[in-house]
Amino acid sequence: MKYHNLVKAARKAIKFSYSPYSRFRVGAAVLTASGKIYTGCNIENSSFSLTICAERTALFKAVSERHRKFRAIAIVSDNKEFTPPCGACRQVMLELAGDIDVILSNANGNTKIVKLNTLLPIPFDAKTLKH
Ligand code: THU
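Residues numbered from 1 in each chain as written. Predicted model: local features only at pLDDT ≥ 70, side-chain atom pairs only at ≥ 80, totals over all residues. Heavy atoms only, no water.

1. Examining the site of the ligand
Alright, step 1. As a structural note, the neighbourhood of the ligand is formed by Ser22, Phe24, Val26, Asn42, Glu44, Thr51, Cys53, Ala54, Glu55, Pro84, Pro85 and Cys86.
Alright, step 2. One of the side-chain nitrogen or oxygen atoms of Glu44 is found 2.5 Å away from an oxygen atom of the ligand.
Alright, step 3. A distance of 3.0 Å separates an oxygen atom of the ligand from a polar backbone atom of Ala54.
Alright, step 4. Bound to the protein, the ligand loses 78% of the 370 Å² it would expose on its own.
Alright, step 5. For the shell around the ligand, the per-class residue count stands at seven nonpolar, three polar and two charged. (Near = heavy atom within 4 Å. Polar contact = N/O pair within 3.5 Å; in protein donor to acceptor, adjacent residues only side chain to side chain. Areas by Shrake-Rupley, 256 points an atom, 1.4 Å probe, with all protein chains shown as cover. Nonpolar A, V, L, I, M, F, W, Y, C, P; charged D, E, K, R; others polar.)

2. Some remarks on helix H1 (residues 4-13)
Alright, step 1. For H1, every residue scored as buried is listed here: Leu6, Val7, Ala9, Ala10 and Ala13. Buried residues of H1, seen end-on, are gathered within an arc of 160° and therefore sit on one face of the element. Those residues of H1 that are exposed and aimed more than 90 degrees away from the buried face are Asn5 and Lys12.
Alright, step 2. Summarising the contacts, the buried residues of H1 are in contact with strand E1 (26-32), strand E2 (37-41), strand E3 (70-77), strand E4 (101-105) and strand E5 (111-115). (Buried < 20%, exposed > 50% of the residue type's maximum accessible area, 1.4 Å probe, protein only. Helix = DSSP H or I, 4+ residues; strand = E, 2+ residues; numbered from the N terminus. Arc of directions from axis to C-beta. Contact = heavy atoms within 4.5 Å.)

3. Quick word on the packing of aromatic side chains
Alright, step 1. Throughout the structure, instances matching the rule amount to one aromatic pair.
Alright, step 2. Consider the rings of Tyr21 and Phe48, whose centres lie 5.6 Å apart with planes at 50°: the pair is tilted. Here Phe48 lies in the loop between E2 and helix H2 (54-63) and Tyr21 lies in the loop between H1 and E1, a separation of 27 residues in the sequence. (Phe/Tyr/Trp six-rings, centres within 6.5 Å; stacked < 30°, edge-to-face > 60°.)

4. Details of the sheet that holds E2
Alright, step 1. If you trace the five strands from one edge of the open sheet to the other, you get E2-E1-E3-E4-E5, paired in mixed fashion. Strand pairing shows two members of the sheet lacking a second neighbour, E2 and E5, which therefore form its edges. For this sheet the average axis-to-axis angle between neighbouring strands, irrespective of direction, equals 20°.
Alright, step 2. For E3 and E4, the ladder comprises five bridges, and the chain directions are parallel. Within the sheet, the bridge partner assigned to Ala72 lies in E4 and is Asp101.
Alright, step 3. Strands E1, E2, E3, E4 and E5 of the sheet are contacted by H1, whose axis makes an angle of about 145° with E1.
Alright, step 4. Relative to E2, H2 is tilted by about 140°, and along the sheet it contacts E1, E2 and E3. (Pairing = 2+ DSSP bridges. Axes fitted to C-alpha atoms, helices over the stretch in contact; angles between N-to-C directions.)

5. What about the pairing of E5?
Alright, step 1. As paired strands, E4 and E5 are joined by five bridges and run antiparallel to one another. Bridge pairing in E5 places Ser105 opposite Thr111.
Alright, step 2. The turn linking E4 back onto E5 is made up of five residues, and Gly109 within it adopts a positive phi angle of 90°.

6. Topic: the nonpolar core
Alright, step 1. With 24 residues, the main nonpolar core has Val30, Leu59, Phe70, Ile73, Met93, Val102 and Leu116 as its most contacted residues.
Alright, step 2. Going through the elements one at a time, E1, H2, E3, helix H3 (87-97), E4 and helix H4 (116-119) are the ones with two or more residues in this core.
Alright, step 3. The greatest single-element share of this core, amounting to six residues, is contributed by H3.
Alright, step 4. Sequence-distant contacts of Val30, that is, excluding residues within four places in its chain, are made with Leu6, Lys36, Ile37, Tyr38, Ala58, Leu59, Ala62, Phe70, Ala72 and Ile73. (Core = buried A, V, L, I, M, F, W, Y, C linked by side-chain atoms within 4.5 Å.)

7. A few points about the environment of Ala29
Alright, step 1. Following the sequence through the fold, Ala29 ends up in strand E1.
Alright, step 2. Considering only alpha carbons, one finds Ala29 and Ala74, 45 residues apart in sequence, at a separation of 5.2 Å.
Alright, step 3. Excluding residues within four positions of it along the chain, Ala29 makes contact with Leu6, Ala9, Ala10, Ile37, Tyr38, Thr39, Ala72, Ile73 and Ala74.

Below, the structure is given as structure tokens:
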């Protein structure tokens, strides 16, 4: 599979998940245009809304180290089902990465690749703000 290393990196990041409340561990890995991989996990808080998802952790790490072009993001959990990104993460991914490949991988290692535009088909984005 084209994104084998990216999925592997996302799977490794699961072990750093701080998720004592949901016990739902998520790992993500984003691939920059230059070929670098940044990983992230979900980090929860007793004030629940302060929780950050694995995808945003990974992307924010990359952007904070000057990366502004991306090819793909892999999302993995311990779940037998695929873990699609939440709405907030779809919006953030579109803003920072555009129409990248989103690779979903389940606990059994099955993978599925979808375009972000398929996950967020009618976005509110920078174009919407132009008037
Ligand atoms: N979570 C993610 O990390 N990514 C998603 O796209 C969906 C949800 C996390 C947030 C929270 O820590 C746990 O999964 C349960 O919602």
